[in-house]
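Examination of the molecular architecture
Here is what each chain is made of, one letter per residue.
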Amino acid sequence: MGGLSVGLHAMGLNLGWVYQFMGTAIGSAVVPLWNMLMWKDANAIGAVVGVWSGLILAMITWIAVTAAQFDEITVDNLGALEPNLAGNLVAILSSGLIHV
């Protein structure tokens, strides 16, 4: 963990940035995993497609909202609340819609 912390610090990232990014990066797995656990008709291939599609759409949204809001893409701008919120929402909602 110490090496990870040093690496993140060298890149100019703090834990708040990392936690916000995690929602965009892994949020697309939430609904398909829930469906696989709770829905007898859930399809594994649909879950995989939903997760990867949701991740791609979330990353595109995250970067596009950052560019639209700040007119440039920097590490600090990518860590802002609104781009992360947009990426998180797209990750969770799109993966669920794709899987269903």
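Scoring rules and cut-offs
Residues numbered from 1 in each chain as written. Predicted model: local features only at pLDDT ≥ 70, side-chain atom pairs only at ≥ 80, totals over all residues. Heavy atoms only, no water. Salt bridge = Lys/Arg side-chain N within 4 Å of Asp/Glu carboxyl O. Buried < 20%, exposed > 50% of the residue type's maximum accessible area, 1.4 Å probe, protein only. Helix = DSSP H or I, 4+ residues; strand = E, 2+ residues; numbered from the N terminus. Phe/Tyr/Trp six-rings, centres within 6.5 Å; stacked < 30°, edge-to-face > 60°. Expected span 1.5 Å × (residues − 1). Patch = residues over 30% accessible without salt bridge, like charges linked within 9 Å, V, L, I, M, F, W, Y side chains within 5 Å. Areas by Shrake-Rupley, 256 points an atom, 1.4 Å probe, with all protein chains shown as cover.

In this section: the pattern of salt bridges. Inspection of every chain in the model, using the stated rule, returns one salt bridge. One salt bridge connects Asp41 with Lys40, and the closest N-O pair in it is separated by 3.5 Å. For Lys40, a relative accessible area of 74% translates into the label exposed.

Time to look at unusual backbone geometry. Located in the positive-phi region is Asp71, a residue other than glycine, with phi close to 65°. Tracing the backbone through its elements, the reader meets Asp71 in the loop between α4 (44-70) and α5 (75-78). Classification of Asp71 as exposed rests on a relative accessible area of 71%.

Now for the packing of aromatic side chains. As enumerated under the stated definition, the model contains three aromatic pairs in all. Taken together, a centroid distance of 5.6 Å and an interplanar angle of 20° make the contact between Trp17 and Phe21 stacked. With a gap of four residues between them, Trp17 and Phe21 both fall in helix α2 (residues 15-26), about one helical turn apart. Three or more aromatic residues joined by ring pairs make a cluster, and in this case those are Trp17, Phe21 and Trp62.

The next subject is α4. The terminal C-alpha atoms of α4, which comprises 27 residues, lie 39 Å apart, in line with the 39 Å expected from a rise of 1.5 Å per residue. Among the residues of α4, Gly46, Ala47, Gly50, Gly54, Leu55, Ala58, Trp62 and Thr66 are the ones counted as buried. Among the residues trailing α4, Asp71 stands out with phi positive, at a value near 65°.

With that settled, consider a nonpolar patch on the surface. Where nonpolar side chains cluster on the molecular surface, the patch consists of Val30, Leu85, Leu89, Ile92 and Leu93 and spans about 450 Å² of accessible area. Counting residues per element, the nonpolar patch draws most heavily on helix α6 (residues 81-99), which supplies four residues. Within the secondary structure, Val30 sits in helix α3 (residues 30-38). Val30 sits in the partly exposed class, given a relative accessible area of 47%.

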